[in-house]
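Here is how the chains run, residue by residue.
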Amino acid sequence: MSNRLYYRAPEEAEAHCLPQFQSFDQQLCYNNGSQGTNFSFQSSNEPYCTLESSSATGSYTVYNSPSTVSFSPYGSPSSQQESQSYRSSDPHHSPDNAYGSPMSTSCVTEDVSDLKHKLRELETVMLGPDSDIINSYNSTFTTNKSSLEMMDSWRGTMEVISGGDLKQLLVACAKSVWDNDLLMAQWLMDELRQMVSVSGEPIQRLGAYMLEGLVARLASSGSSIYKALRCKEPASSDLLSYMHILYEVCPYFKFGYMSANGAIAEAMKDENRVHIIDFQIGQGCQWITLIQAFSARPRGPPHIRITGIDDPTSAYARGGGLNIVGQKLSRLAQSVKVPFEFHSAAVSGCDVRLENLGVRPGGEALAVNFAFMLHHMPDESVSTQNHRDRLLRLVKSLSPKVVTLVEQESNTNTAAFFPRFLETLNYYTAMFESIDVTLPRDHKKRISVEQHCLARDVVNIIACEGVERVERHELLGKWRSRFAMAGFSPYPLSSPVNATIKRLLENYSDKYRLEERDGALYLGWMDRALVASCAWK
């Protein structure tokens, strides 16, 4: 079956899934040939919004010393947007600059003499004769640096600011937050606000959301932002549109679904009854191409039964419950004459039990799909229940023919804050750069795509800890260890499908990289791997 597998542009399939765009989503077929496609988007000048920090309504103060440092209610980019009503007369603030940033890069670095003046002020504070000031300063910041070391640190920061390197400034700010150097952190945040923009360069756009995460971390509001962005999502049709745009402009997700479908098609090529358990079915779009592929199988299609699992809170993005997914897939299967059943399980992954899976003993070949899902499961570092490994053991007990795994190739699970910040900065820089190739920077929907589909995750990774941090990615090497410990062995991916993915990438950019290594497939941007896919049995 798999040796004739390829993808072509859909026609009526989109009606069963996401809203119509000029799409080059690919169908899984049993014919030879391919068709290149392209697409474009209309620009929009409609107003847009940024993240809404729960810290935006007031300041917070550090109470652990006689001398306190108060953070402004305008400490986050989103808060500044709310404050623009009284600054709208400023000619340097334009509607396209959501953070109220002046056109200049820095309010501190424009004048070298001003730099020297500020440095002299700092030296006076740190080395002057007034011991009360020194004692107050030292009691405020929990650090063992000497005054001279602190002065050197501030000198170095001044050099970073004067250099105008936004990425270095983000790193310096994160390091100050990590060191609990609150005065330095506030100073750097003030500088960063002048440099970030949701409609600027990729690093400016990402920097806006990373700055939001840093402010939220200090305000302990990261979880509130994460939840608020889920509760205050746009209309479900709009959110569906944003998700579809991201799916189209970034091949990472399409790539993951394609490689998983190829492995499942290969494993089930001789089966008459197939049961697929999808642990995060979302809109169910992944299965459109597979159903169509099975309909063209020379020996006739198998009977397909899909168990769709998804957190009940995801119903908003679908515009309703899992029954909507079942109805769409059923109509599609009927149109291509594939016997089909759908079983829904509206439970979160942490609550999944054997009885939720609808497994029927004997007579059905089982496939299990973990696409961009397992990183949300808490592991042993978060909970003694370790749902991440528990689910793998549960699935192994079902004796599936194939289990597919698709995950972001990033290491943010157990990493401490500062290295986690650096990893997030590098990972999402590559992703934002790849988006920049496809969508105009001032495109209103691009801004919405990044805010609703990516920014929430960035803030959660940076601002949250413990059970509140739900975005916990691991590198494929760690996933291999988990699958091996659960008793799985590697299952080969489909070589024809891998070749198809390589051809598909030509529709995007020559900066994408695809590498087959150790039985897995890696998709990356330039020299950075972003998504890894593999299969197990």
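Just so it is clear, the structure is predicted and the values come from calculations on it, not from any experiment. (Residues numbered from 1 in each chain as written. Predicted model: local features only at pLDDT ≥ 70, side-chain atom pairs only at ≥ 80, totals over all residues. Heavy atoms only, no water.)

Some thoughts on the confidence of the model for the protein chain
Right, so step 1: In the predicted model, the protein chain carries a mean pLDDT of 76, and the fraction of residues at 70 or more is 66%.
Right, so step 2: Between residues 52-112, whose pLDDT stays under 50, and residues either more than four places distant or in other chains, the model counts 129 contacts.
Right, so step 3: The low-confidence segment residues 125-138, where pLDDT is below 50, has 18 contacts with residues more than four positions distant or belonging to other chains. (pLDDT = per-residue confidence, 0-100. Contact = heavy atoms within 4.5 Å.)

As for the side chain of Glu-248
Right, so step 1: One can find Glu-248 in helix H9 (residues 236-249).
Right, so step 2: Judged by its relative accessible area of 1%, Glu-248 is buried.
Right, so step 3: Polar contacts involving the side chain of Glu-248 include one to the side chain of Lys-254, which spans 3.4 Å. (Helix = DSSP H or I, 4+ residues; strand = E, 2+ residues; numbered from the N terminus. Buried < 20%, exposed > 50% of the residue type's maximum accessible area, 1.4 Å probe, protein only. Polar contact = N/O pair within 3.5 Å; in protein donor to acceptor, adjacent residues only side chain to side chain.)

With respect to the nonpolar core
Right, so step 1: The biggest cluster of nonpolar side chains holds 99 residues, and the ones touching the most others in it are Leu-214, Tyr-252, Val-402, Phe-421 and Tyr-428.
Right, so step 2: The element best represented in this core is helix H15 (residues 417-438), accounting for 10 residues. (Core = buried A, V, L, I, M, F, W, Y, C linked by side-chain atoms within 4.5 Å.)

Observations concerning the packing of helix H5 (residues 166-178) against helix H6 (residues 182-193)
Right, so step 1: Between H5 and H6, whose axes approach to 8 Å, the crossing angle comes to 155 degrees. By the criterion of interaxial angle, the relationship of H5 to H6 is roughly antiparallel. Of the two elements, H5 crosses H6, and the hand of that crossing is left-handed. Along the contact surface, H5 presents Leu-166, Leu-169, Leu-170, Ala-172, Cys-173, Ser-176 and Val-177, while H6 presents Met-184, Ala-185, Leu-188, Met-189, Glu-191 and Leu-192. (Axes fitted to C-alpha atoms, helices over the stretch in contact; angles between N-to-C directions. Parallel < 35°, antiparallel > 145°, perpendicular 65-115°, else oblique. Left-handed = near helix turned anticlockwise from the far one by under 90°.)

Let's talk about the side chain of Arg-388
Right, so step 1: As for its position among the elements, Arg-388 is in helix H14 (residues 387-396).
Right, so step 2: Of the residues examined, Arg-388 reaches a relative accessible area of 0% and is grouped as buried.
Right, so step 3: Within the structure, Arg-388 has its side chain in polar contact with the backbone oxygen of Leu-374 (distance 3.4 Å).
Right, so step 4: A polar contact is formed between the side chain of Arg-388 and the backbone oxygen of Met-377, at a distance of 2.7 Å.

Considering the environment of Gly-300
Right, so step 1: Along the chain, Gly-300 turns up in the loop between helix H11 (286-295) and strand E6 (303-309).
Right, so step 2: Overall, Gly-300 belongs to the partly exposed group, its relative accessible area being 21%.
Right, so step 3: A C-alpha to C-alpha distance of 8.9 Å links Gly-300 and Asn-272, two positions 28 residues apart in sequence.

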